[in-house]
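Each chain, written out:
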Amino acid sequence: GSVLINGSPPNLLPASILQHPMYLRTFESHNFEVSFCVEGFYRTTRCIMGKIYKFTPPSTTKQLIIKEFDPAAKMELELLDGTKDSTWQGDMPIRLCDSYSHWLYKERYILLLR
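Residues numbered from 1 in each chain as written. Predicted model: local features only at pLDDT ≥ 70, side-chain atom pairs only at ≥ 80, totals over all residues. Heavy atoms only, no water.

## Some details on the overall build of the protein chain
Going by this rule: What counts as a helix is a DSSP run of H or I of at least four residues, what counts as a strand is a run of E of at least two, and both are numbered from the N terminus. Accessible area is worked out with a 1.4 Å probe on protein chains only. A residue is then buried under 20% of its type maximum, exposed over 50%, and partly exposed in between. Note on contacts: a residue pair is in contact if any heavy atoms of the two residues lie within 4.5 Å. The protein chains shown are the only cover counted for residues, whose accessible areas, like all others here, come from Shrake-Rupley with a 1.4 Å probe.
A tally of helices and strands in the protein chain yields three helices and eight strands. Along its sequence from the N terminus, the protein chain presents helices and strands in the succession β-α-α-β-β-β-β-β-α-β-β. In the protein chain, which comprises 114 residues, the proportion classed as buried is 33%. Across the protein chain, the fraction of contacts at a sequence separation of at least 24, relative to all contacts at a separation of at least 6, is 33%. When the accessible surface of the protein chain is summed, it comes to about 7,500 Å², and 54% of that surface belongs to carbon and sulfur atoms.

## Describing the side chain of Thr44
Short version of the rule: N or O atoms within 3.5 Å of each other form a polar contact, as long as, within protein, one can give a hydrogen and the other can take it, and as long as residues adjacent in sequence are counted only when both atoms are side-chain atoms.
Along the polypeptide, Thr44 turns up in strand E3 (residues 42–44). You can call Thr44 buried: its relative accessible area is 1%. A polar atom in the side chain of Thr44 sits 3.3 Å from the backbone oxygen of Arg46. Residues in contact with Thr44, not counting those within four places in the same chain, are Phe32, Glu33, Val34, Lys51, Ile52, Tyr53 and Phe55.

## Some words on the sheet that holds strand E2 (residues 33–36)
Selection criterion: Paired strands are those between which DSSP finds at least two bridges.
Taken in spatial order, the eight strands make up an open sheet running E1-E2-E3-E4-E5-E6-E7-E8, and their pairing is antiparallel. Of all the strands in the sheet, the pair left with one neighbour each is strand E1 (11–12) and strand E8 (110–113). Relative to E2, E1 is paired through two bridges, and the arrangement is antiparallel. When the sheet's bridge partners are listed, Asn11 is paired in E2 with Val34.

## Some details on the pairing of strand E5 (residues 65–70)
With five bridges joining them, strand E4 (residues 52–56) and E5 adopt antiparallel strand pairing. Within E5, the residue paired with Lys54 across the bridge is Lys67. The antiparallel pairing of E5 with strand E6 (residues 75–79) creates a hairpin that spans four residues between the two strands, and Lys74 there sits at a positive phi of about 55°.

## Overview of the packing of aromatic side chains
Threshold: Pairing of aromatic rings covers Phe, Tyr and the six-membered ring of Trp, with a centre-to-centre limit of 6.5 Å; geometry is then stacked below 30 degrees between planes, edge-to-face above 60, and tilted otherwise.
One pass over the structure, following the stated rule, counts ten aromatic pairs. Between Phe36 and Tyr42 the ring centres are 4.9 Å apart and the planes differ by 65°, which places this aromatic pair in the edge-to-face class. With relative accessibility at 43%, the residue Phe36 sits in the partly exposed group. Clustering of aromatic rings is evident, with ring pairs tying together Tyr23, Phe27, Phe32, Tyr53, Phe55 and Trp103.

## Re the pattern of salt bridges
Stated precisely, the cut-off is as follows: Salt bridge, as applied in this entry: a Lys or Arg side-chain nitrogen positioned within 4 Å of an Asp or Glu carboxyl oxygen.
Enumeration according to the criterion identifies six salt bridges in this entry. When the shortest N-O distance is used, the salt bridge between Lys67 and Glu76 registers 3.9 Å. Among the ionic pairs, Glu78 bridges to Lys106, the shortest N-O distance being 3.1 Å. Placement of Glu78 in strand E6 and of Lys106 in the loop between strand E7 (102–105) and E8 is noted, with a sequence separation of 28 residues between them. For Glu78, a relative accessible area of 14% translates into the label buried. Overlapping salt bridges bring together Lys54, Lys67 and Glu76 as one network.

Spelled out as C-alpha coordinates, the structure:
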(Lines give C-alpha, C1' and ligand atoms only; values in the text may rest on other atoms or scores of the structure.)
Protein backbone atom coordinates (compact mmCIF):
# COMPACT_ATOMS: atom_id res chain seq x y z
CA GLY A 1 0.00 0.00 0.00
CA SER A 2 0.91 3.66 -0.38
CA VAL A 3 0.33 6.66 1.82
CA LEU A 4 -1.54 9.41 -0.04
CA ILE A 5 -2.09 12.97 1.12
CA ASN A 6 -4.78 14.79 -0.86
CA GLY A 7 -4.49 11.99 -3.43
CA SER A 8 -0.70 12.33 -3.91
CA PRO A 9 2.27 10.63 -2.28
CA PRO A 10 4.53 12.78 -0.09
CA ASN A 11 7.68 14.10 -1.75
CA LEU A 12 10.68 16.25 -1.00
CA LEU A 13 10.92 19.91 -1.95
CA PRO A 14 11.80 20.68 -5.59
CA ALA A 15 15.17 22.13 -6.63
CA SER A 16 13.57 25.52 -7.44
CA ILE A 17 12.98 25.93 -3.70
CA LEU A 18 16.02 24.09 -2.30
CA GLN A 19 18.45 26.13 -4.42
CA HIS A 20 16.79 29.49 -3.82
CA PRO A 21 19.07 31.92 -1.89
CA MET A 22 16.28 32.80 0.55
CA TYR A 23 15.70 29.12 1.40
CA LEU A 24 19.43 28.36 1.69
CA ARG A 25 19.98 31.35 4.00
CA THR A 26 17.45 30.02 6.52
CA PHE A 27 17.28 26.25 6.11
CA GLU A 28 20.73 25.55 4.60
CA SER A 29 20.81 21.99 3.19
CA HIS A 30 17.76 20.70 5.11
CA ASN A 31 14.97 19.18 3.07
CA PHE A 32 11.46 18.37 4.25
CA GLU A 33 8.87 15.79 3.33
CA VAL A 34 6.02 17.74 1.78
CA SER A 35 2.79 17.30 -0.12
CA PHE A 36 1.68 19.57 -2.95
CA CYS A 37 -1.60 21.39 -2.29
CA VAL A 38 -4.03 22.41 -5.02
CA GLU A 39 -3.63 26.04 -3.87
CA GLY A 40 -0.13 25.97 -5.43
CA PHE A 41 2.15 25.48 -2.45
CA TYR A 42 4.04 22.66 -0.74
CA ARG A 43 3.18 21.89 2.89
CA THR A 44 5.26 19.88 5.34
CA THR A 45 3.62 16.53 6.04
CA ARG A 46 4.40 16.78 9.76
CA CYS A 47 5.35 19.44 12.26
CA ILE A 48 9.00 20.50 12.34
CA MET A 49 9.82 21.59 15.89
CA GLY A 50 6.11 22.21 16.45
CA LYS A 51 5.62 24.24 13.25
CA ILE A 52 4.08 23.57 9.84
CA TYR A 53 5.78 25.15 6.83
CA LYS A 54 4.32 26.20 3.49
CA PHE A 55 6.51 26.87 0.47
CA THR A 56 5.14 28.64 -2.62
CA PRO A 57 7.69 28.18 -5.43
CA PRO A 58 9.01 31.11 -7.45
CA SER A 59 7.31 29.76 -10.59
CA THR A 60 3.87 30.32 -9.02
CA THR A 61 4.72 33.83 -7.80
CA LYS A 62 7.58 36.12 -8.75
CA GLN A 63 9.39 35.24 -5.53
CA LEU A 64 9.68 32.35 -3.11
CA ILE A 65 7.15 32.60 -0.28
CA ILE A 66 7.80 30.68 2.94
CA LYS A 67 5.24 30.66 5.75
CA GLU A 68 5.41 29.08 9.17
CA PHE A 69 2.28 28.14 11.09
CA ASP A 70 2.29 27.42 14.81
CA PRO A 71 -0.80 25.27 15.53
CA ALA A 72 -0.53 25.79 19.31
CA ALA A 73 -0.41 29.60 19.10
CA LYS A 74 -2.57 29.75 15.93
CA MET A 75 -0.04 32.18 14.49
CA GLU A 76 1.28 32.39 10.92
CA LEU A 77 4.58 34.08 10.12
CA GLU A 78 6.05 34.90 6.73
CA LEU A 79 9.79 34.75 6.10
CA LEU A 80 11.12 38.02 4.72
CA ASP A 81 13.84 37.96 2.09
CA GLY A 82 17.08 38.64 3.94
CA THR A 83 19.39 38.16 0.96
CA LYS A 84 21.63 40.95 -0.32
CA ASP A 85 19.13 41.81 -3.08
CA SER A 86 16.30 42.69 -0.68
CA THR A 87 15.60 46.31 0.24
CA TRP A 88 13.06 46.14 3.08
CA GLN A 89 15.68 46.37 5.87
CA GLY A 90 16.19 50.12 5.41
CA ASP A 91 18.38 51.44 8.24
CA MET A 92 18.43 48.22 10.26
CA PRO A 93 21.95 47.55 11.60
CA ILE A 94 23.88 45.23 9.30
CA ARG A 95 24.51 42.73 12.10
CA LEU A 96 20.76 42.28 12.61
CA CYS A 97 20.32 41.84 8.86
CA ASP A 98 23.11 39.31 8.39
CA SER A 99 22.88 37.24 11.58
CA TYR A 100 19.16 36.51 11.78
CA SER A 101 16.21 35.31 9.77
CA HIS A 102 13.29 37.74 9.73
CA TRP A 103 9.73 36.54 10.21
CA LEU A 104 6.77 38.88 9.86
CA TYR A 105 3.60 38.38 11.90
CA LYS A 106 1.32 40.42 9.64
CA GLU A 107 -1.71 40.27 11.93
CA ARG A 108 0.08 42.32 14.61
CA TYR A 109 2.83 44.02 12.55
CA ILE A 110 5.56 42.27 14.53
CA LEU A 111 8.99 41.38 13.17
CA LEU A 112 10.64 38.36 14.81
CA LEU A 113 14.41 37.87 14.50
CA ARG A 114 15.74 34.35 14.88
